[in-house]
Amino acid sequence: IALAELDAHPATIEVDEVHEGAELATVLGGAAGDTIRLVRGKITGPRIVESDDAGTLLHRGPDGKVALNGTTTFPFTAIIPKAAQSGPVQVIGYGHGFFGTKKELEGAEARAIVTNAGVVAIGIDWQGMATDDLGVVIEDAGRDVSKTVLFGERLMQAMVNWMATTHAMKS
């Protein structure tokens, strides 16, 4: 349902911040010689969960199947390496670790990967596995271990968000 929705109503991108030049060292907290631009913004795409809150569950229609529930807007970060100054480069999606954030993409290690690969990287927070979700997962584990796996329902929204991100990258 999400792919059909993206085909009918493509994801939209809104750029909130663009950092380049000498400002990058301040924003990235140190040497930024490998990066020419940092872009932060928002992508809007289909929502398949009840809300954007941590711990939310899948939205289901009257038939019990997962259904669309409007749209969701989520932040992204893009790192553009110096290699992009020489001409077109590929774009990759960068995923964070368990209970991390897209902010990891701004770290020296991730930027080194981007630089060595000569690609632009875009990162988003994986709903269900992002820092915001950690408290809910720990609380569920502490109260009723069987509820711990419910974070997987929100994770489905993360996958829809990746689909929206890749659709947006292509356009």
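In what follows, the accompanying structure is described. Remember, it's a predicted structure, so these values are computed and weren't measured experimentally. (Residues numbered from 1 in each chain as written. Predicted model: local features only at pLDDT ≥ 70, side-chain atom pairs only at ≥ 80, totals over all residues. Heavy atoms only, no water.)

## A closer look at the overall build of the protein
Right, so step 1: Scanning the protein for helices and strands turns up five helices and five strands.
Right, so step 2: Considering only contacts within the protein whose residues lie at least 6 apart along the sequence, 73% involve residues at least 24 apart.
Right, so step 3: Here the protein contributes 14 positive and 22 negative side-chain charges, whose respective centroids are spaced 2 Å apart. (Helix = DSSP H or I, 4+ residues; strand = E, 2+ residues; numbered from the N terminus. Contact = heavy atoms within 4.5 Å. Lys, Arg positive; Asp, Glu negative; His and termini not counted. Charge placed at Lys NZ, Arg CZ, Asp CG, Glu CD.)

## Thoughts on helix H4 (residues 131–143)
Right, so step 1: Listed in full, the buried residues belonging to H4 are Asp133, Val137 and Asp140. Viewed end-on, H4 has its buried residues packed into an arc of 65°, placing them on one side of the element. Away from the buried face of H4 by more than 90 degrees, exposed residues Ile138, Gly142 and Arg143 are located. (Buried < 20%, exposed > 50% of the residue type's maximum accessible area, 1.4 Å probe, protein only. Arc of directions from axis to C-beta.)

## Concerning the nonpolar core
Right, so step 1: Grouped together as the largest cluster of nonpolar side chains are 15 residues, with contacts concentrated most on Ala11, Ile43, Phe76 and Ala164.
Right, so step 2: With four residues, the top contributor of residues to this core is strand E3 (residues 71–81).
Right, so step 3: Residues within four places of phenylalanine 76 in sequence aside, it is in contact with Ile13, Glu14, Val39, Arg40, Gly41, Lys42, Ile43, Lys102, Ile122, Gly123 and Ile124.
Right, so step 4: If you look at the next biggest cluster of nonpolar residues, it comprises ten residues, including Leu24, Leu28, Ile79 and Leu105. (Core = buried A, V, L, I, M, F, W, Y, C linked by side-chain atoms within 4.5 Å.)

## Some details on the packing of aromatic side chains
Right, so step 1: Under the criterion given, the structure shown has one aromatic pair.
Right, so step 2: Ring centres 6.0 Å apart and planes at 50° place the aromatic pair tryptophan 126 and tryptophan 162 in the tilted group. Here tryptophan 162 lies in helix H5 (residues 151–170) and tryptophan 126 lies in the loop between strand E5 (120–124) and H4, a separation of 36 residues in the sequence. (Phe/Tyr/Trp six-rings, centres within 6.5 Å; stacked < 30°, edge-to-face > 60°.)

## Section: the environment of histidine 167
Right, so step 1: Along the chain, the position of histidine 167 falls in helix H5.
Right, so step 2: Taking the C-alpha atoms as reference, histidine 167 lies 14 Å from glycine 123; in sequence the two are 44 residues apart.
Right, so step 3: Not counting the four nearest positions on each side in its chain, histidine 167 is found in contact with Leu3, Leu6 and Asp7.

## Quick notes on the side chain of threonine 56
Right, so step 1: Secondary-structure assignment places threonine 56 in the loop between strand E2 (35–46) and E3.
Right, so step 2: Once residues lying within four places of it in the same chain are set aside, the contact partners of threonine 56 are Val49, Glu50, Ser51 and Arg154.

## Some details on the side chain of lysine 102
Right, so step 1: Summarising the element assignment, lysine 102 is placed in the loop between strand E4 (91–94) and helix H3 (108–117).
Right, so step 2: Setting aside its immediate chain neighbours within four residues, lysine 102 contacts Pro75, Phe76, Thr77, His96, Gly123, Ile124 and Asp125.

## Regarding the environment of alanine 84
Right, so step 1: Locating alanine 84 in the fold gives a position in the loop between E3 and E4.
Right, so step 2: Judged by relative accessible area, which is 24%, alanine 84 ranks as partly exposed.
Right, so step 3: Residues alanine 84 and glutamate 109 lie 25 residues apart in sequence; the distance between their C-alpha atoms is 19 Å.
Right, so step 4: With near-sequence residues (within four places) excluded, alanine 84 lies in contact with Ile36 and Val89.

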